[in-house]
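# Observations on the three-dimensional arrangement
These are the residues of each chain, in order.
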Amino acid sequence: MNGEKIINIALVGQPNVGKSVIFNNLTGLHQHTGNWAGKTIEKFEGTLYYKGYTINIFDLPGIYSLSTYSVEEIISREYIVHQKPDCVINIIDSTNLERNLIFTLQLLELECPVVIALNMTDLAKKKGIIVDDKKLQSLLNIPVIPTIATHGLGLTDLMDRVIEQINENREKPKVQFYTEEIEDSVNKITSLLKDSDFAYPIRWVAIKLLEKDKEFIKITGEKNPDAYNLALQITKDLETTNGHDSSILIADRRTSYASQIANNVVTVSRARKIL
């Protein structure tokens, strides 16, 4: 590359978190649109030239999860896994932290390098919501940068932290918040997946099998029948023991952990009077 320093970044987040505003602020006129290959979904790409870096920024569709329930979710998940961006910026709505963190936890389970843009901090303050970004950063063990995208505030700090994160070459984030029973189930399945040829992290695949994700059930059944059969048996055992569908058990633990984090970092006071 003749010494040229190139960084590829993906912007991800739930709808209406200010993701497009951040994309437009960072890329300005250096952007173009098209469609994702074979899809009718628009594809937004842009470029930022910053501190000697050429930073390619991809604005992925706004989604609520990384499941296979929609085309947008599949596009985002497959882009992160197959294109392997140097960093994923997860834009979060500060006024609705808990719901947004559920999505963040899925990103961390995907084992991609993540930096959080804690957006809309001004709106949160007006509602009497204060998010302790330092504590949030400590609990998730990933960088958290407060931003107010509509005013362009925090975006320089955000890009500085992204570059720093990449140059540090930090280990992939790891989160474990499931019950001992679920963790034991995940470990048993991953032990049989170790030699399988998956683009996805094997821990992610094991969790998806417990969530009864049809795509991963099909792929695992074809590539590793032993792991597939074990996952079926473990799923039945979990459901018999707990009296709930295994996919609900996984979702409940993720939601509970997001709630636990939010309760630890959010302070709610009287909303300020807006003149």
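Overview of the structure. No experiment lies behind these values; they were computed from the predicted model shown.

## Details of the packing of helix α7 (residues 180–193) against helix α10 (residues 225–242)
At a minimum axis separation of 9 Å, α7 and α10 run at an interaxial angle of 170°. By the angle between their axes, α7 is roughly antiparallel relative to α10. Contacts between α7 and α10 involve E181, S185, K188, I189, L192 and L193 from the first element and D226, A227, L230, A231, I234, L238, T241 and N242 from the second. Residue composition of the contact of α7 with α10, by class: eight nonpolar, three polar and three charged.

## What to know about the side chain of D133
Following the sequence through the fold, D133 ends up in helix α5 (residues 133–140). Buried and without a salt bridge, D133 has K134 as its closest oppositely charged side chain, separated by 4.1 Å. When neighbours within four sequence positions are excluded, D133 is seen to be in contact with L118, V144 and P146.

## Quick notes on the packing of helix α8 (residues 202–210) against helix α9 (residues 214–223)
Between two packed helices, what matters for the description is the angle formed by their axes and the separation of those axes. Running from N to C, α8 and α9 point in directions that differ by 115°, and their axes come no closer than 8 Å. Classified by the interaxial angle, the pair formed by α8 and α9 is roughly perpendicular. Between α8 and α9 the crossing geometry is left-handed. Facing α8, whose interface residues are W204, V205, K208 and L209, α9 presents F216, I217 and T220.

The rules behind these values
Residues numbered from 1 in each chain as written. Predicted model: local features only at pLDDT ≥ 70, side-chain atom pairs only at ≥ 80, totals over all residues. Heavy atoms only, no water. Axes fitted to C-alpha atoms, helices over the stretch in contact; angles between N-to-C directions. Helix = DSSP H or I, 4+ residues; strand = E, 2+ residues; numbered from the N terminus. Parallel < 35°, antiparallel > 145°, perpendicular 65-115°, else oblique. Contact = heavy atoms within 4.5 Å. Nonpolar A, V, L, I, M, F, W, Y, C, P; charged D, E, K, R; others polar. Buried < 20%, exposed > 50% of the residue type's maximum accessible area, 1.4 Å probe, protein only. Lys, Arg positive; Asp, Glu negative; His and termini not counted. Salt bridge = Lys/Arg side-chain N within 4 Å of Asp/Glu carboxyl O. Left-handed = near helix turned anticlockwise from the far one by under 90°.

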